[in-house]
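# Remarks on the overall topology
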Amino acid sequence: MNRSYLGEFEEIILLAVAVMDGRAYGIAVMHEIMEQSGRVARLNQVHSALQRLEEKGMVRSALGEPTAERGGKRKKLFTVTAYGQRTLREIQEVRTSFWDRLVNPFKLSISE
């Protein structure tokens, strides 16, 4: 597969799915993002990003078991594919390379 590029929100969604390790579904991903980043995420945005990631082959979905809390409905659970893992590693390497090359990280100079 060719390298797919992700927007920031898709990257965060993919990371959340990876962290949740088989327990990722729309509402849980939304709460994880809001808790970890402080960023407001709407459920429809999360679902759209999950769908795009699935179309790109970075996540796969499967229906979980019915739960009483959902009135017997099954959750659509997401997991990261090998391609998604590889993409996350590549993103991390690029970001680390830039951070490592930053000469004076966050040394602020105030000039008046």
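Structural data are supplied above this passage.
Residues numbered from 1 in each chain as written. Predicted model: local features only at pLDDT ≥ 70, side-chain atom pairs only at ≥ 80, totals over all residues. Heavy atoms only, no water.

## A short note on the environment of Lys75
Rule in force here: For the purposes of this entry, the term helix denotes a DSSP run of H or I that reaches at least four residues, the term strand denotes a run of E that reaches at least two, and both are numbered from the N terminus. Remark: exposure states derive from per-residue accessible area (1.4 Å probe, protein chains only) relative to the maximum for the residue type, with buried under 20%, exposed over 50%, and partly exposed in between. We call two N or O atoms a polar contact when they sit within 3.5 Å, provided that within protein one can donate a hydrogen and the other can accept it, with sequence-adjacent residues counted only if both atoms are side-chain atoms.
Position of Lys75 relative to the elements: it lies in strand E2 (residues 74-80). Given the relative accessible area of 14%, Lys75 is considered buried. Here the alpha-carbon distance between Lys75 and Gly26, two residues 49 residues apart in the chain, equals 8.7 Å. Side chain to side chain, Lys75 and Tyr25 meet in a polar contact 3.4 Å long.

## Considerations on unusual backbone geometry
Peptide bonds are mostly trans, and most non-glycine residues show a negative phi. With phi around 45 degrees, Asp21 is a residue other than glycine that occupies positive phi space. Inspection of the secondary structure puts Asp21 in the loop between helix H1 (8-20) and helix H2 (26-37).

## Topic: the pattern of salt bridges
Quick reminder of the rule: Whenever Lys or Arg places a side-chain nitrogen within 4 Å of a carboxyl oxygen from Asp or Glu, that contact is recorded as a salt bridge.
Inspection of the entire model under this criterion finds four salt bridges. The shortest N-O distance in the salt bridge between Glu11 and Arg95 comes to 2.7 Å. With a gap of 84 residues between them, Glu11 in helix H1 and Arg95 in helix H4 (residues 82-101) connect regions that are remote in the sequence. By relative accessible area, which is 11% here, Glu11 ends up buried. Arg95 gets classed as partly exposed once you look at its relative accessible area, which sits at 44%. Residues joined in a network through salt bridges with shared partners are Glu10, Arg52 and Lys56.

## Brief notes about the packing of H2 against helix H3 (residues 43-56)
Rules: Axis definition: a line fit to C-alpha positions, over the contact stretch in the case of helices; interaxial angles, taken between N-to-C directions, run 0 to 180 degrees. Should an angle fall under 35 degrees it is called roughly parallel, over 145 degrees roughly antiparallel, and 65 to 115 degrees roughly perpendicular, with every other angle called oblique. Every residue pair with non-hydrogen atoms within 4.5 Å of one another is taken to be in contact. Basically, the charged four are Asp, Glu, Lys and Arg, the nonpolar ten are Ala, Val, Leu, Ile, Met, Phe, Trp, Tyr, Cys and Pro, and anything else, Gly included, counts as polar.
Where H2 contacts H3, the two axes come as close as 9 Å, and the packing angle between them is 110 degrees. Overall, the two elements H2 and H3 adopt an arrangement that is roughly perpendicular. Contact with H2, carried on its side by Gly26, Ile27, Val29 and Met30, involves Leu43, Val46, His47 and Leu50 of H3 and no other residues of that element. The residue inventory of the contact of H2 with H3, partitioned by class, reads six nonpolar, two polar and no charged.

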